[in-house]
Amino acid sequence: MKTTARSVTVIPPMVSLTTLPQSSDYVKKRVAAYARVSTDTEEQQNSYEAQVKHYTRHIQENEDWEFAGVYTDEGLSATSTKHRDGFNSMIQDALDGKIDFILTKSVSRFARNTVDSLTAVRKLKEKGVEIYFEKENIYTMDSKGELLITIMSSLAQEESRSISENVTWGQRKRMRDGKVSMPYKHFLGYEKGEDGIPKIVEKEAEIVRLIYTLFLQGKTHSAIARHLTEAKIPTPAGREKWSVSTVLSILKNEKYKGDALLQKIYTVDFLTKKRKINNGEVPQYYVENSHPAIVTPEVYNLVQAEIEKRKPVGRRQSAVSCFSSKIICGECGGFYGSKVWHSTSKYRRTIWQCNNKFKGENACGTPHLYETAIQAAFVEAFNQIAGDMESIVEAYTMIIDSLTDSKDLDKEIDALHDECGVVRELIRKCVEDNTFTANNQDECVARYETLCARYEERRHRHDETVSEKQSRIARRETLTRFLGALRSRDGMLAEFDKELWCVLVESMTVVSESRARIVFKDGREICVGLGDK
């Protein structure tokens, strides 16, 4: 069978009005530049200004170019383009047809994230916008441009990873050495000392002590925040209004007692800069006596115990007055709350009654109380123990150390800490052994889960023991304050003393129409009569 030779005919392009240039006028190329520095140091600031001047002059001196601006980002990392406003604005203007050509110093100045870099380059190429990387002498429209950019961006990304790991290593080395740093601009009470150790700012420290005092007097986080706002005391960040979270963070921050827990938060990914609360994923370091304390450890521990005690109360915890969340209904166990009667008349009075009194089908039978009745009940209870003041002070002075001794807990905490370390190492070896050795997977998983369960059980017991130790320390401070308050009074009370009520009274339970039971913070219970409701 005869075969026919292959034949190829070239069809030349058609010339039409649509393919001919519409105008013979010469159009200048619109050129922009991008400059960035990653820190705010003086050296980098000079580099930043030099880049801006260089590109502005370079573009304006070229007769074939039209200056389209210099886009900048100052003091920002290039690992992600998410928060780089100057970069994102430049890309958008280029996509909108306002820029034809972009100059930048290097691939690493443009982006150290390979994906971000290539994505931006490809978007711009589709719109006919070219980028020139001065240091590497790369044009993105060149046939080899994208390959070179991929290689250079990958190298820049690895450099960022290396820098991040070195910085992390350095930070953790400082932590292991017990060196403490604080975000001083937003940290109330301290400034950086000449030797690098946090130094107390006494004016701010007074605010911290006030917050601790108000909390121990029975005020809630919201009441303290409201008090500070009304007093026109600025927040750590310099704002006028205090938030509940800010007050709570000050009350729970161990740095105010002179200790420091380091690496509470860590960076998950060097590219996204995402940070996460450390729940055991990376090591933490607890440094005791790392810097001067603003509040004593005893006061701090007492506050932590009070925070834990208030948790079950939840939203019911209030701080309208010193009686809030201290008066309890003997029938339903609910708290008494304040109500105002005849608020717009001369007969206006504040009464206290069970918050559950009119909830549900059966109303509580406990009576409402006037504040004068509560005050009189406390005076009567105090005077009962005041009659035996000397023996109470003497007895508690003798036994306070034995009641609050925590040496046994210290030994248990050390033993549990050591055991947790051993189990962690066994878990690591189990994972490592399964990685490099062929094992029965069912047996390996069972062993791993057993070790994890053992670690969690020991860690939980460790946390419980630490909490018990803090409770004993807080108990010691409570008793010390209790005895101090008793010593401060010489003889019987003639009238109600608000400060003594706050320091001495744990709760007051309304038992009936005529009886109440006051529990003092040393555990002593006194039954008293209730006068006029």
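Since the structure is predicted, the reported quantities are computational estimates derived from the model, not experimental observations.

Colleague: Where do I start with the state of the cysteines in this structure?
Modeller: What makes a disulfide is a covalent bond joining the sulfur atoms belonging to two cysteines. Summed over all chains, the structure comprises 0 disulfides. Free cysteine Cys332: the closest other cysteine sulfur is in Cys354, separated by 3.5 Å. Residue classification places Cys332 among the partly exposed positions, given a relative accessible area of 36%. Left unpaired, Cys430 is separated from the closest cysteine sulfur, that of Cys444, by 4.2 Å. The class of Cys430 is buried, set by a relative accessible area of 2%.

Colleague: Would you explain unusual backbone geometry in this entry?
Modeller: Across residues other than glycine, the phi torsion is negative in most instances, and most of the peptide bonds are trans. Even without being a glycine, Lys232 presents a positive backbone phi close to 60°. Along the polypeptide, Lys232 turns up in the loop between helix H7 (221–230) and helix H8 (244–252).

Colleague: Would you mind going over the pattern of salt bridges with me for this structure?
Modeller: Between side chains of opposite charge, a pair can form when the charged atoms approach closely. Under the criterion given, the structure shown has 14 salt bridges. Among the salt bridges present, the one from Lys98 reaches Asp93, with a minimum N-O distance of 3.9 Å. As a salt-bridge pair, Arg459 and Glu456 come within 2.8 Å of each other at their nearest N and O atoms. Taken together, the residues Arg459 and Glu456, both in helix H13 (residues 441–488) and 3 residues apart, mark about one turn of the helix. With a relative accessible area of 34%, Arg459 lands in the partly exposed category. Accessibility expressed as a relative area gives 40% for Glu456, which makes it partly exposed. When salt bridges with common partners are traced through the structure, they connect Glu419, Arg454, Glu457 and Arg458 into a single cluster.

Colleague: It is not clear to me how the packing of helix H6 (residues 202–216) against H7 should be interpreted in this structure. Could you clarify?
Modeller: Between two packed helices, what matters for the description is the angle formed by their axes and the separation of those axes. Remark: H6 packs on H7, axes separated minimally by 10 Å, with the N-to-C direction vectors making an angle of 140°. Overall, the two elements H6 and H7 adopt an arrangement that is oblique. For the pair H6 and H7, the sense of crossing is right-handed. On H7, the residues touching Ile207, Leu210, Ile211, Leu214 and Phe215 of H6 are His221, Ile224, His227 and Leu228. Across the contact of H6 with H7, the residue classes tally to 7 nonpolar, 2 polar and no charged.

Colleague: Help me understand the environment of Leu95 in this model?
Modeller: Residue placement: Leu95 occurs in helix H2 (residues 85–95). Accessibility expressed as a relative area gives 25% for Leu95, which makes it partly exposed. C-alpha of Leu95 to C-alpha of Glu126: the two residues are 31 residues apart in sequence and 9.0 Å apart in space. Among all residues touching Leu95, those that are not within four sequence positions of it are Lys123, Leu124 and Lys127.

Colleague: How should the sheet that holds strand E14 (residues 349–354) be read in this particular structure?
Modeller: By definition, the strands of a sheet pair up through backbone hydrogen bonds, in either a parallel or an antiparallel sense. The strand order E13-E14-E15 describes an open sheet built from 3 strands, whose pairing is antiparallel. Two strands lie at the open edges of the sheet, namely strand E13 (336–341) and strand E15 (369–370), each paired on one side alone. Examined bridge by bridge, E14 and E15 share 2 bridges and lie antiparallel to one another. Paired with Trp352 across the strands is Leu369, a residue of E15.

Colleague: I'm lost on the nonpolar core in this one. Help?
Modeller: In globular proteins that are soluble, nonpolar side chains generally tend to be buried together. If you look at the biggest cluster of nonpolar residues, it comprises 34 residues, and the most contacted ones within it are Phe378, Trp501, Met508, Ile518 and Phe520. Counting residues per element, the ones that place at least two in this core are strand E12 (327–329), E14, helix H10 (371–386), H13, helix H14 (498–504), strand E16 (505–510), strand E17 (515–520) and strand E18 (525–529). No other element matches the 8 residues that H10 contributes to this core. Apart from residues lying up to four places away in sequence, Phe520 is in contact with Phe378, Ala381, Phe382, Ile385, Phe482, Leu504, Val505, Glu506 and Ile526.

Analysis parameters
Residues numbered from 1 in each chain as written. Predicted model: local features only at pLDDT ≥ 70, side-chain atom pairs only at ≥ 80, totals over all residues. Heavy atoms only, no water. Disulfide = S-S within 2.5 Å. Buried < 20%, exposed > 50% of the residue type's maximum accessible area, 1.4 Å probe, protein only. Helix = DSSP H or I, 4+ residues; strand = E, 2+ residues; numbered from the N terminus. Salt bridge = Lys/Arg side-chain N within 4 Å of Asp/Glu carboxyl O. Axes fitted to C-alpha atoms, helices over the stretch in contact; angles between N-to-C directions. Parallel < 35°, antiparallel > 145°, perpendicular 65-115°, else oblique. Left-handed = near helix turned anticlockwise from the far one by under 90°. Contact = heavy atoms within 4.5 Å. Nonpolar A, V, L, I, M, F, W, Y, C, P; charged D, E, K, R; others polar. Pairing = 2+ DSSP bridges. Core = buried A, V, L, I, M, F, W, Y, C linked by side-chain atoms within 4.5 Å.

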